[in-house]
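# Residue-level structural notes
So you can see what is in the structure, the chains are spelled out below.
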2 protein chains.
Amino acid sequence: MKFRTSKRASLAAAWALTAAFASLPAVAAENAMPAPGTSKASSETAINATTRFVEASGIRFAYRRFGKPGQLPLVFNQHFTGTLDNWDPAVLDGLAKEREVIIFDNAGVGASTGEVPTTFAGMAKNAEIFIDALGLKKVDLLGFSIGGMIAQQITLDRPELIHKLILVGTAPRNMDAGGGEGHITPETASIFTAKYDPPENLWLKVFFTDSETSQAAGREFLKRYFSRTKNRDLPVSDKVAPAQMAAVGEWGAHPGERFAYLKDIKQPTLVVSGTHDNIVYTVNSLYLAQNLPNAKLILYPDASHGAWYQYNSDFVAQANSFLK
Amino acid sequence: MKFRTSKRASLAAAWALTAAFASLPAVAAENAMPAPGTSKASSETAINATTRFVEASGIRFAYRRFGKPGQLPLVFNQHFTGTLDNWDPAVLDGLAKEREVIIFDNAGVGASTGEVPTTFAGMAKNAEIFIDALGLKKVDLLGFSIGGMIAQQITLDRPELIHKLILVGTAPRNMDAGGGEGHITPETASIFTAKYDPPENLWLKVFFTDSETSQAAGREFLKRYFSRTKNRDLPVSDKVAPAQMAAVGEWGAHPGERFAYLKDIKQPTLVVSGTHDNIVYTVNSLYLAQNLPNAKLILYPDASHGAWYQYNSDFVAQANSFLK
């Protein structure tokens, strides 16, 4: 019901996202055979890693897998409308020095087939199908923004599958969204529906604060974001944003005692955000840290939703230490 | 006024503290000439560092200074009723590997002469007199609990003196104390007025959560706490607790726009607490991080007021990295 009233906003947001991607060379991802569990792609990096595919339960998942084999692989769950190309190469490559990193398009996103579910429970099930299809029995899990909501749900569904959890810029069910329609913060609604020239400047507003320091970090991020020039992912269809926004609404309205479900996530967890996250309010990271049984919290100064990109070097060190 | 109504509680707390210290060998600190700026005490550690004295403005300050000269010295501001002996040796020695650490009894505390002021502004002035008396022109500053309130005030008073700031288990003016009398949390009042056998078990309740893991860390802390067996500090007089509690009341009731003064603390700041600090509520660390212009926040899991003692190894690494 909430979703119905915010349909206009969500479509506008979808449009803004499509526009933001319009300047990118949107070529079909190359096809390659998956090599689950046997990746020796240590010479690959974020900007040249092969896009692979694996099919299960009727979904053909696009993914990339690279880094140093040995420790458990780290599986990434992406933010609102993000694809394989939206991760910060500095973070991926920094983490890939000590383990394999696995990024993927969930069902219906980018080059993956299938429908985007309208709940994080549905997206979590699809992510589990993907992880199972790679033959992995135990992984570390990272989720950013709505990806962190999906990561919580995966951990609840399949506790034996998840070793450690990293939750970045995300929120528990019943989060604080400032009373925003559909449990989306007013700032998010206004940032995603504005126009930007060039379009990718959207991310300067989504991920960084208005300070000169943070904006400068944002421009460095955009350079890294564009540094993969070949074999980029497909853009998201216009079905992605509305479905993901519906899922946010369902997550925010979840019934029951507030935050009680978090006690069932017993995995060591690292919670990370910026001191001034306008997209997913920072206080939600405090709620996570205070209600998860074993969570460490790090907040970065003068930073918004993209705090871990702004402080990518520190984040990589913290995460590598945490995952050891 | 607030203080008057809580006088009984504060005296009880003072009593509890005196009892907690009764089992310690309370000998007078040895006298030694101060050697400001020329310390070569790198062979000294927390458990054997000489207690020195320096006199200024009619106050004879007891202090210890040791560690590796080179970087700026780090000056520590102590918690409620704490003395030179209450710092965790693991933290002091870990930080002393990369700089000199300076711990001191503020006026009227332990072996220092003078009166304990009833405001943090007064205590800050005395701390500034002490730092000036050592001839130091620039220092890094650490404050724990009420010491963190004093450290904020020192930084406001003397911004040119302070390079970087570490605030542990502390709060801004107008903090959230759960509506507790005199701006002291209900848990603090109940923990400090209870009796413990042996008395030092008070610190297991003040600094650690009730979980087995945290209590085990607490017992390790108590071993370290008692590891200095010679030349311990003098116990605190019964004037210390009431004055310090009055200062908490004044700090909590400070008029004006909430947290606005924090924008004037421009130093890079590291804010540290536990996810479940019952003595100074954890949310106050979020307030600090969100209102200081340049503050990073770290919260440790399953940890209360003594989070940095429970995770001393991680804290030392984080602080050494931050102070670089």
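Below is a summary of the structure that appears in this document. Keep in mind it's a predicted model, so treat the numbers as computed, not measured.

Before going further, it helps to examine the pairing of strand 7 (residues 269–274) of chain A. Residues and elements named next belong to chain A. Burial runs high along strand 7: 6 of the 6 residues are buried. Here strand 7 shows two buried faces, one formed by Thr-269, Val-271 and Ser-273 and the other by Leu-270, Val-272 and Gly-274. Of the strand pairs in this sheet, strand 6 (residues 162–168) and strand 7 are connected by 4 bridges, and their pairing is parallel. Pairing of Val-168 across the sheet is with Val-272, part of strand 7. Taken together, strand 7, helix 10 (residues 283–291) and strand 8 (residues 295–300) form a β-α-β motif whose crossover is right-handed.

Next up on the list: the side chain of His-79 of chain A. Inspection of the secondary structure assignment puts His-79 of chain A in the loop between strand 3 (74–77) and helix 3 (89–96). Excluding residues within four positions of it along the chain, His-79 of chain A makes contact with Asn-86, Phe-144, Ser-145, Ile-146, Gly-147, Trp-203 and Phe-207 of chain A.

With that settled, consider the packing of aromatic side chains. Under the criterion given, the structure shown has 50 aromatic pairs over all chains. Between the aromatic rings of Phe-144 of chain A and Trp-308 of chain A, the centroid separation amounts to 5.0 Å while the plane-to-plane angle is 65 degrees, which identifies the pairing as edge-to-face. Of this pair, Phe-144 of chain A sits in strand 5 (residues 139–144) while Trp-308 of chain A sits in helix 11 (residues 307–310), and the two are 164 residues apart along the sequence. For the ring pair Tyr-300 of chain A and Tyr-311 of chain A, a centre distance of 4.8 Å and an interplane angle of 10 degrees mean the geometry is stacked. Here Tyr-300 of chain A is found in strand 8, whereas its partner Tyr-311 of chain A is found in the loop between helix 11 and helix 12 (312–323), with 11 residues between them in sequence. Look at Tyr-311 of chain A and you get partly exposed, because its relative accessible area is 23%. Over the ring of Tyr-287 of chain A we find Arg-258 of chain A; its NZ or CZ atom is 5.0 Å from the centre of that ring. Cation over ring: Arg-60 of chain B sits above Phe-53 of chain B, and NZ or CZ is 3.9 Å from the ring centre.

What counts as what
Throughout, residues of each chain are indexed from 1 in the direction in which the sequence is written. Each chain takes a letter, starting from A, and each ligand takes a number, starting from 1, following the order in which they are written. Reporting in this predicted model follows two pLDDT cut-offs: at least 70 for local features of residues, and 80 or more for side-chain atom pairs to be given and counted; totals over whole chains, interfaces and linings ignore these cut-offs and use all residues. Excluding hydrogens and water, the side-chain values take into account all heavy atoms of the structure. Using a 1.4 Å probe on the protein chains alone, a residue whose accessible area is under 20% of its type maximum counts as buried, one over 50% counts as exposed, and one in between counts as partly exposed. Only DSSP runs of H or I reaching four residues or more are called helices, and only runs of E reaching two or more are called strands; each is numbered from the N terminus. Here a strand pair is declared whenever DSSP counts at least two bridges between the two strands. The crossover handedness rule: strands pointing away from the viewer, path from first strand over the helix to second strand clockwise, crossover right-handed. We call two residues in contact when some of their heavy atoms are within 4.5 Å. The criterion for an aromatic pair is that two Phe, Tyr or Trp rings (for Trp, the six-membered ring) have centres within 6.5 Å, with stacked assigned to planes under 30 degrees apart, edge-to-face to planes over 60 apart and tilted to the rest. Charge over a ring is defined by NZ of Lys or CZ of Arg lying within 6 Å of the ring centre and within 35 degrees of the ring normal.

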